[in-house]
Number of protein chains: 4
Amino acid sequence: MNVQTTARLLITCPDRPGIVSAVSSFFYNHGANITALDQYATQPEHGTYFMRLEFQTPHMDLSRHVLSTTFQEAVADRYGMTWQLSFAADRKRIAIMVSRHDHAMLELLWRWSRQALPCDIHAVISNHPDLADEVERFGVPFHHVPFTADSREQSEATVQSLLQGADMVVLARYMQILSPAFVAAWPHRIINIHHSFLPAFVGANPYQQAYDKGVKLIGATAHYVTADLDQGPIIEQGVSRVSHRDDVESLRALGQDLERQVLARAVRWHLEDRIILHGNKTIVFG
Amino acid sequence: MNVQTTARLLITCPDRPGIVSAVSSFFYNHGANITALDQYATQPEHGTYFMRLEFQTPHMDLSRHVLSTTFQEAVADRYGMTWQLSFAADRKRIAIMVSRHDHAMLELLWRWSRQALPCDIHAVISNHPDLADEVERFGVPFHHVPFTADSREQSEATVQSLLQGADMVVLARYMQILSPAFVAAWPHRIINIHHSFLPAFVGANPYQQAYDKGVKLIGATAHYVTADLDQGPIIEQGVSRVSHRDDVESLRALGQDLERQVLARAVRWHLEDRIILHGNKTIVFG
Amino acid sequence: MNVQTTARLLITCPDRPGIVSAVSSFFYNHGANITALDQYATQPEHGTYFMRLEFQTPHMDLSRHVLSTTFQEAVADRYGMTWQLSFAADRKRIAIMVSRHDHAMLELLWRWSRQALPCDIHAVISNHPDLADEVERFGVPFHHVPFTADSREQSEATVQSLLQGADMVVLARYMQILSPAFVAAWPHRIINIHHSFLPAFVGANPYQQAYDKGVKLIGATAHYVTADLDQGPIIEQGVSRVSHRDDVESLRALGQDLERQVLARAVRWHLEDRIILHGNKTIVFG
Amino acid sequence: MNVQTTARLLITCPDRPGIVSAVSSFFYNHGANITALDQYATQPEHGTYFMRLEFQTPHMDLSRHVLSTTFQEAVADRYGMTWQLSFAADRKRIAIMVSRHDHAMLELLWRWSRQALPCDIHAVISNHPDLADEVERFGVPFHHVPFTADSREQSEATVQSLLQGADMVVLARYMQILSPAFVAAWPHRIINIHHSFLPAFVGANPYQQAYDKGVKLIGATAHYVTADLDQGPIIEQGVSRVSHRDDVESLRALGQDLERQVLARAVRWHLEDRIILHGNKTIVFG
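Residues numbered from 1 in each chain as written. Chains lettered and ligands numbered in written order. Predicted model: local features only at pLDDT ≥ 70, side-chain atom pairs only at ≥ 80, totals over all residues. Heavy atoms only, no water.

**Describing empty space enclosed by the protein**
Gaps left between atoms show up when a probe the size of a water molecule is rolled over them. Inspection of every chain in the model, using the stated rule, returns 12 cavities of 30 Å³ or more. Secondary-structure elements contributing two or more residues to the lining of the largest cavity are strand E13 (281-284) of chain A together with helix H7 (206-213) of chain B. Partitioning the lining of the largest cavity into residue classes produces seven nonpolar, six polar and three charged. (1 Å grid on protein atoms, 1.4 Å probe; cavity = no way out; pocket = protein on both sides within 12 Å on 5 of 7 lines; lining within 4 Å. Points joined across faces, edges and corners; volume = space filled by probe spheres on them. Helix = DSSP H or I, 4+ residues; strand = E, 2+ residues; numbered from the N terminus. Nonpolar A, V, L, I, M, F, W, Y, C, P; charged D, E, K, R; others polar.)

This is how it looks when you write it as structure tokens:
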């Protein structure tokens, strides 16, 4: 994929005949080469329609801004589309929030440092000072913002100011609950990794819960954060086989491997504009 | 494995030094050849200890009955053991209860018919008449026992009389809830397949629940039945990857493949005396 | 999916701008509603382009035959397309060839009997008489065609005449090697299940080979049959974890479960027109 | 597990009755508490027998040296045992050899740095200078030993001198072939990660081979190194699902995740004395 020439369009609209034809003809007529096209409708007729288009821009006859207004008038208005246009060259800026467990954060930083995550890292923000050295070693700014029950409002305000310039937030095992106001400021732009196979084991200490229940598989879930704790739209899940021989400690160790992989996949899909929200569910185009 | 000569011993007791030595020496001294030995303790010291022993009987100097009483006096009493001795030659008799979905039941009958499940099939009992032909084709008796809210007591009495001679019951998608009295009559001898990844999606219509939640993996869980619905000790679980493209119908189709495999493994492990109960959890020796 | 109204188009052609637009506009303008569209190009520019289109026919203004000729003239000729049009209402007729192992064949018959495979079963042909009863129980014709090294030519001629009217052949553990001439008569219309993770363990007795090698995973592979034994285009593969405790017998038992699942998926994808050949590889649209 | 008190015994011998009894009684009589016991025999009678014993030493009445000689005389001689005794407190020293790809090496260093691999890191040796900074950041010595076809003898001599004091060698994507003499100096103490599902795709560039073949799953294999390239005893394998959309680059990216996990598991099992060689195969006790 050529980063300099690749653009992506995500569309949601009421389903009716002619959408693919209208969209693909629009882009063809303006000189774009469509290199990927995925679509999904919730039902054969009269459902909701979703499309992801990836196209190459070098031979287009429209500038970025004119492309948007022209598409709106020529196609989107006609079909009642909600849409979002992105250019791969505009790398998204990620801010990572973390508490004391470093595994999920390190996996992201490590993949980013070897060009396996197409993004910039804005900063790492933690309610503990422990991981400062590990973060700064990657040349990434680290901010320690203490968080107590009393200080939440003030702490969140500090975090918000540090997030200026970021495009999205990844909670890589951030163990504080963010306020509804904070979450509302980043609609569908906060991804969390929860260390269980949701909806099983919401809330605190899911590995202890899994141990007590005696499950034979443990899981991890990456999801968008909404005001309802652990209830936001699921992006990706993974599981690992365990047995009666596993104690809470070994479940945690196995689970951390899962968390790293599941979170890294979810963040990459978000960065590649593969995810469309549909109510409390996600459409993920592969 | 030679069915005629293989015996198995399952032991639970307080952990303390010397148990392996005492048990293995007892069997060696009486002419048994130990062909498998698994053990597990809940903690390094002072926990609960579990052992599964598989041994060959041809050169033993004790008859079955004398073996039991001698082991009790020579070893079990000393260590406070709960134990259970089984002989592979005594094939367990399974009764299958089913409603309308045939997939889980057929998988068991098919494996049984090709000698892949070491058991006899006592009968199939259903609250619907639909599957009679399919069952009788295998040479297995089929009993239709209608079940309504009003008739439960009477129906369960009928079922209980039909179960005379069975060693265990498998609920292969039996959609009625059994009374606590019924369950209590078959302690840890009823295995159910639930069509979700428990503890997620207990109760009715888990595929609809999974669809509504937008999970990215669906599961199936085989467990022993206790008085608490869908809460008994988990024996085995499996999952299958799904996507936004799956509707409830396709989740059900994928899930039925999972149910077949998960239930067949759980029943086989029970038949091979691989499972020991520990509170509401299972020890499964591989 | 409505079987009566669903049609599918598979396209292969040199990649160049405008294909999606041309195809989707053609169908839109003739009253078809596109309900699925997948595309793939081997490289961003100047590669080979593949498309699968699923559309609904009720409001089309062209009959079947006219649709084909019109599409050829209006679109296919212009882009140099190879294409294939299918109607879901034309159920494909499958002939199954099998030797003595019944598991793969039974899985297909069982899924077919519960409407989980959208096809008709033309017949089962075997070089052994053993499975006649099992097959006829499903109401499917069974033909015993003995096969010896000396009789191959004659036997294959008999099989060919029995296959008159079938659309494809599934080798569900058929242990004879078909002649190049036979294979050539069914180009990309014979699917075989090989009991290993190809290209590992080609040829005879792959479970013995896997045991001797000491692998930690065993596999199964469904592929189209070509003149080169076990070398045809791979459609689907699966694996199962094993350990040093598994002997050849238990590898076989685990492997048969894999074979059933992998073959059933591959056959279903073929029936749903999801597979396009590309040299010795397959494009499988999900 | 208490590292200070845990010891492990690995035994191989001809199978005959009485081994478990003799071994467990020996340890019990000398004050050891057996905390894990696994056994395996290649056949029910007259095969080869393997045992792994984990025991706690605090109350033993024998010192380390006397334990060895006493066990030899009292038990091992009688049963013709080959055996190996290890103490968890004696952390093994690993030397890592690597070329340019850092992913497998980093995974080991990262797990080691967070106490998830029970070992010391002796050094990292590379035929390229590229990874010096990354290694030294962990406080681990890095040695650059250039390797050319002409210099192999000299280079291997240099490496051998740098390995003085190491207990084992891990080839974490070391792209040079070691000489038979080198390999013979480290019998079953060199672990390699091969980036394919062996025995498929031996030799160079397995991701290209997998792409050309069109497989639907890619794999990684950790194995002991022997004089035959890519043919040593397999310790662990893993696979990941791929599709026609994956090019060689994306196969490599997916494969590197697999390599990291598979190698880390294999090395941990070796460090925990879970592996016994049996001809060209491994027994891995879980």
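**Comments concerning helix H3 (residues 103-113) of chain D**
Among the 11 residues in H3(D), 10 count as buried, and that is most of the element. Count one or two residues on from H3(D) and you reach Gln115(D), which has phi positive near 60°. (Buried < 20%, exposed > 50% of the residue type's maximum accessible area, 1.4 Å probe, protein only.)

**Let's talk about the domain arrangement of chain A**
Many descriptions give the size of an interface as the accessible area lost when the pieces come together. Residues and elements named next belong to chain A. Domain annotation of chain A identifies domain 1 (6-87) and domain 2 (92-284). Distance between the C-alpha centres of domain 1 and domain 2: 32 Å. Each partner contributes residues to the interface: domain 1 has 12 residues there, and domain 2 has nine residues. When domain 1 packs against domain 2, close to 790 Å² is buried across both sides, 60% of that on carbon and sulfur atoms. Taken together, the connections running from domain 1 to domain 2 amount to one salt bridge. Where domain 1 touches domain 2, the interface holds four residue pairs in polar contact (both at pLDDT 80 or more). (Domains from an automatic or database assignment. Contact = heavy atoms within 4.5 Å. Buried area = accessible area lost by both parts, 1.4 Å probe. Salt bridge = Lys/Arg side-chain N within 4 Å of Asp/Glu carboxyl O. Polar contact = N/O pair within 3.5 Å; in protein donor to acceptor, adjacent residues only side chain to side chain.)

**A closer look at the packing of helix H1 (residues 19-29) of chain A against helix H2 (residues 64-79) of chain A**
Think of two packed helices as two axes; the pair is described by the angle between the axes and how far apart they sit. Residues and elements named next belong to chain A. Remark: H1 packs on H2, axes separated minimally by 11 Å, with the N-to-C direction vectors making an angle of 165°. Considered as vectors, H1 and H2 are oriented roughly antiparallel to each other. In this structure, the crossing between H1 and H2 has a hand that is right-handed. Across from Ile19, Ala22, Val23, Phe26 and Phe27 in H1, the residues of H2 making contact are Leu67, Thr70, Phe71, Ala74, Val75, Arg78 and Tyr79. Classifying every residue of the contact of H1 with H2 by side-chain character gives 10 nonpolar, one polar and one charged. (Axes fitted to C-alpha atoms, helices over the stretch in contact; angles between N-to-C directions. Parallel < 35°, antiparallel > 145°, perpendicular 65-115°, else oblique. Left-handed = near helix turned anticlockwise from the far one by under 90°.)

**A look at the interface of chain C and chain A**
Taken together, the contacts link 16 residues of chain C with 16 residues of chain A. When the two sides are added together, the surface that chain C and chain A hide from each other amounts to roughly 1500 Å², 53% of it contributed by carbon and sulfur. Of all residues in chain C, Tyr28(C), Asn33(C) and Gln39(C) give up the largest surface area on contact with chain A, accounting jointly for 29% of the area buried on that side. The interface formed by chain C and chain A includes zero salt bridges. Applying the counting rule to chain C against chain A returns four residue pairs in polar contact (both at pLDDT 80 or more). Listed by contribution, the elements that provide at least two residues to the side of chain C that touches chain A are helix H1 (19-29) and strand E2 (33-41) of chain C. Its residues placed into classes, the side of chain C that touches chain A shows seven nonpolar, seven polar and two charged.

**Quick look at the interface of chain A and chain B**
Each partner contributes residues to the interface: chain A has 33 residues there, and chain B has 33 residues. Of the roughly 2800 Å² buried between chain A and chain B, counting both surfaces, carbon and sulfur atoms make up 54%. Three residues, Lys213(A), Lys216(A) and His244(A), lead the burial of chain A against chain B; their summed loss comes to 24% of the area buried on that side. Remark: the boundary between chain A and chain B carries two salt bridges. Its salt-bridge partner being Glu236(A), residue Arg241(B) comes within 3.1 Å of it at the nearest N-O pair. Between chain A and chain B we count 18 residue pairs in polar contact (both at pLDDT 80 or more) in total. Within the residue set of the side of chain A that touches chain B, elements represented by two or more residues are strand E2 (33-41), helix H7 (206-213), strand E11 (234-241) and E13 of chain A. A per-element tally of the side of chain A that touches chain B places E11(A) first, with seven residues.

**Thoughts on the pattern of salt bridges**
Taken as a whole and judged by the stated rule, the model has 76 salt bridges over all chains. Asp102(B) is the salt-bridge partner of Arg114(C), the closest N and O atoms lying 3.0 Å from each other. Of the two residues, Arg114(C) sits in the loop between helix H3 (103-113) and strand E6 (119-126) while Asp102(B) sits in the loop between strand E5 (92-98) and helix H3 (103-113), which places them in two different chains. The residue Glu272(D) makes a salt bridge to Arg268(D) at a minimum N-O spacing of 3.5 Å. Connected via shared salt-bridge partners are Glu107(A), Arg111(A), Asp257(A), Arg260(A), Glu107(D), Arg111(D), Asp257(D) and Arg260(D).

**Some details on the relation of the copies chain C and chain A**
Between chain C and chain A, the superposition needs a rotation of 180° and an axial shift of 0.0 Å, giving an RMSD of 0.0 Å. Here the symmetry operator amounts to a two-fold rotation axis. Nearest to the rotation axis, the C-alpha of Ser21(C) is located 2.8 Å from it, this being the minimum over chain C. Comparing interface residues between copies, 100% of those in chain C also sit at the interface in chain A, which points to an isologous, same-surface contact. (Least-squares fit on C-alpha atoms with pLDDT ≥ 70 in both.)

**Some remarks on the relation of the copies chain A and chain B**
For the match of chain A to chain B, the screw axis carries a shift of 0.0 Å, the RMSD comes to 0.0 Å, and the turn is 180°. By residue overlap, the copies meet face to face through one surface: 100% of the interface positions of chain A are interface positions in chain B.

**Looking at the sheet that holds strand E4 (residues 82-87) of chain C**
Residues and elements named next belong to chain C. Ordered in space as E2-E3-E1-E4, the four strands form an open sheet in which the pairing is antiparallel. Looking at strand neighbours, the two that pair on one side only are E2 and E4, the edges of this open sheet. Averaged over all pairs of adjacent strands, the angle between their axes in this sheet comes to 10°, without regard to strand direction. Sheet topology places strand E1 (residues 6-14) next to E4; six bridges connect them, and they run antiparallel. Paired with Leu9 across the bridge in E4 is Leu85. Its contacts with the sheet put helix H2 (residues 64-79) on E1, strand E3 (48-56) and E4, and the angle it makes with E4 is roughly 155°. (Pairing = 2+ DSSP bridges.)

**Some points on the pairing of strand E5 (residues 92-98) of chain A**
All names here are of chain A. Among the seven residues of E5, six are classified as buried, and the element is accordingly described as predominantly covered. Both E5 and strand E6 (residues 119-126) contribute to a ladder of seven bridges, which runs parallel. Its bridge partner being in E6, Lys92 is matched across the sheet by Cys119. Crossover handedness for the path E5 to helix H3 (residues 103-113) to E6: right-handed. Summarising the sheet, E5 and strand E8 (residues 168-171) pair through four bridges and their orientation is parallel. Looking at the pairing, Ala95 lines up with Val169 of E8. (Right-handed = clockwise from strand over helix to strand, strands pointing away.)

**Things to note about unusual backbone geometry**
Between Leu198(A) and the following residue, Pro199(A), the backbone shows a cis peptide bond with an omega angle of 10°. Within the element layout of this structure, Pro199(A) appears in the loop between strand E9 (190-194) and H7. Here His46(C), not a glycine, exhibits a phi torsion of approximately 60°, which is positive.

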